[in-house]
Amino acid sequence: MDVTAMRLLAVRLARAAGDLAVARRPTAVVSAKGQAGDVVTEVDRECERLIIEGIRGSFPQHAILGEETGRHGPQGSVVQWLVDPLDGTNNYVMDVASHGVCITACLDGEPLVAVSHDAPARRTFAAVRGGGATVDDEPVRMRDPAALIRSTVSWTQGYGVDRDDATRNAAFAALERSTKRVLRTWSPSIDWGLLATGHVAGVVAYRNEPWDLVGGVLIGTEAGAGVVRDRTGDWVVVAHPAVLADLVAVLGIEPAG
């Protein structure tokens with residue numbers, strides 16, 4: 001398996017999709033997506049088409065799961081790509097420069113190659129399992145954080161999380177009391193880059209979709225973070241080892257295993 005070629009392809013496609021999104025933003029047509037106030041544009045679909053065609057052209061034997069168009073390719077493949085072509089569409093349509101592209105290749109269900117691309121800034125974070133993380137092809141490693149109470153932590157949650165979710169609200173309130181600040185970018189592709197460079201000490205993900213979560217965890221851990229998943233499968237916490245245990249305790253979650 002040519003992991004180097006997979007990484008190069010994912011980087012190239014993420015940058016191409018990000019450039020397309022930035023160029024098309026002034027004319028993007030917005031429509032509703034689902035019942036929870038989410039939105040989608042035709043640019044989301046164009047970017048996903050670009051990425052899927054690129055993967056199928058280079059690796060026709062691989063399966064693909066796209067956020068907008070679902071499954072493609074032979075579904076029995078041991079390799080499956082996860083594609084979020086325009087992560088942060090709500091920000092995008094408001095012309096907030098906080099959106100990106102997430103592409104992950106999984107082998108037997110575990111992330112092998114991951115790319116998280118900050119489209120407006122044209123910064124590309126990538127990782128290969130066991131090979132470290134990079135930003136724009138240069139090695140990147142988390143800095144040592146301050147104590148949790150003096151650290152910023154990113155929060156991200158799935159589309160299906162209700163605003164009255166008691167578990168979510170209790171955890172979020174506890175996090176606000178126990179950190180310097182809780183950052184909500186509404187674009188995990190941005191959060192993973194902030195984590196890898198040490199600008200946030202951790203990322204807390206509650207019931208997130210896989211497209212913008214699985215690869216981000218790989219980027220974070222390859223940049224030096226630790227990861228804790230809970231027994232319910234609802235929580236994934238990725239943070240510098242110096243604050244990880246404190247963060248899990250604040251959230252009140254029970255680690256799996």
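Look above for the structure.
What counts, and at which threshold
- Residues numbered from 1 in each chain as written.
- Predicted model: local features only at pLDDT ≥ 70, side-chain atom pairs only at ≥ 80, totals over all residues.
- Heavy atoms only, no water.
- Core = buried A, V, L, I, M, F, W, Y, C linked by side-chain atoms within 4.5 Å.
- Buried < 20%, exposed > 50% of the residue type's maximum accessible area, 1.4 Å probe, protein only.
- Helix = DSSP H or I, 4+ residues; strand = E, 2+ residues; numbered from the N terminus.
- Contact = heavy atoms within 4.5 Å.
- Axes fitted to C-alpha atoms, helices over the stretch in contact; angles between N-to-C directions.
- Parallel < 35°, antiparallel > 145°, perpendicular 65-115°, else oblique.
- Nonpolar A, V, L, I, M, F, W, Y, C, P; charged D, E, K, R; others polar.
- Salt bridge = Lys/Arg side-chain N within 4 Å of Asp/Glu carboxyl O.

1. So, the nonpolar core
Next, step 1: Counting residues in hydrophobic clusters, the biggest one holds 28 residues, and the most contacted among them are Met-6, Ile-51, Ile-55, Trp-81 and Ile-103.
Next, step 2: When residues of this core are traced back to their parent elements, those giving at least two are α1 (3-24), α2 (42-58), β5 (79-87), β6 (100-107), β7 (110-118) and β8 (123-128).
Next, step 3: Here this core takes eight residues from α1, the largest share from any one element.
Next, step 4: Those residues in contact with Trp-81, other than ones at most four positions away along the chain, are Met-6, Leu-9, Ala-10, Ile-55, Phe-59, His-62, Ala-63, Ile-64, Leu-65, Ile-103, Thr-104 and Ala-105.

2. A look at unusual backbone geometry
Next, step 1: A positive phi angle, near 55°, is found at Arg-122, a position not held by glycine.
Next, step 2: Exposure remark for Arg-122: the relative accessible area of 45% places this residue in the partly exposed category.
Next, step 3: Unusually for a residue other than glycine, Arg-207 sits at a positive phi of about 55°.
Next, step 4: In this fold, Arg-207 is placed in the loop between β13 (202-206) and α6 (214-222).
Next, step 5: Taking the relative accessible area as the measure of exposure, Arg-207 reaches 36% and is therefore partly exposed.

3. Notes on the packing of helix α5 (residues 188-196) against α6
Next, step 1: Orientation of α5 relative to α6, taken along the N-to-C sense of each, is 10°, at an axis distance of 9 Å. Between α5 and α6, the angle falls in the class roughly parallel. Contacts between α5 and α6 involve Trp-192, Leu-195 and Ala-196 from the first element and Gly-216, Val-217, Ile-219 and Gly-220 from the second.
Next, step 2: Residues belonging to the contact of α5 with α6 are distributed by class as follows: five nonpolar, two polar and no charged.

4. A few points about the packing of helix α4 (residues 166-178) against helix α7 (residues 241-251)
Next, step 1: Contact geometry of α4 with α7 gives a least axis separation of 8 Å together with a crossing angle of 135°. Overall, the two elements α4 and α7 adopt an arrangement that is oblique. Only Leu-247, Val-250 and Leu-251 of α7 make contact with α4, whose side of the interface consists of Ala-171, Ala-174, Leu-175 and Ser-178.
Next, step 2: For the contact of α4 with α7, the residue count by class is six nonpolar, one polar and no charged.

5. Concerning the pattern of salt bridges
Where charged atoms from two side chains of opposite charge approach closely, those side chains can pair.
Next, step 1: According to the stated counting rule, one finds nine salt bridges in the structure shown.
Next, step 2: With a shortest N-O distance of 2.7 Å, Glu-254 and Arg-231 are connected by a salt bridge. In this pair, Glu-254 sits in the segment after α7 while Arg-231 sits in the loop between β14 (226-229) and β15 (235-239), placing the two residues 23 residues apart along the sequence.
Next, step 3: A relative accessible area of 48% places Glu-254 in the partly exposed class.
Next, step 4: Three or more residues joined by partner-sharing salt bridges are found here, namely Arg-7, Arg-15, Asp-136 and Asp-137.

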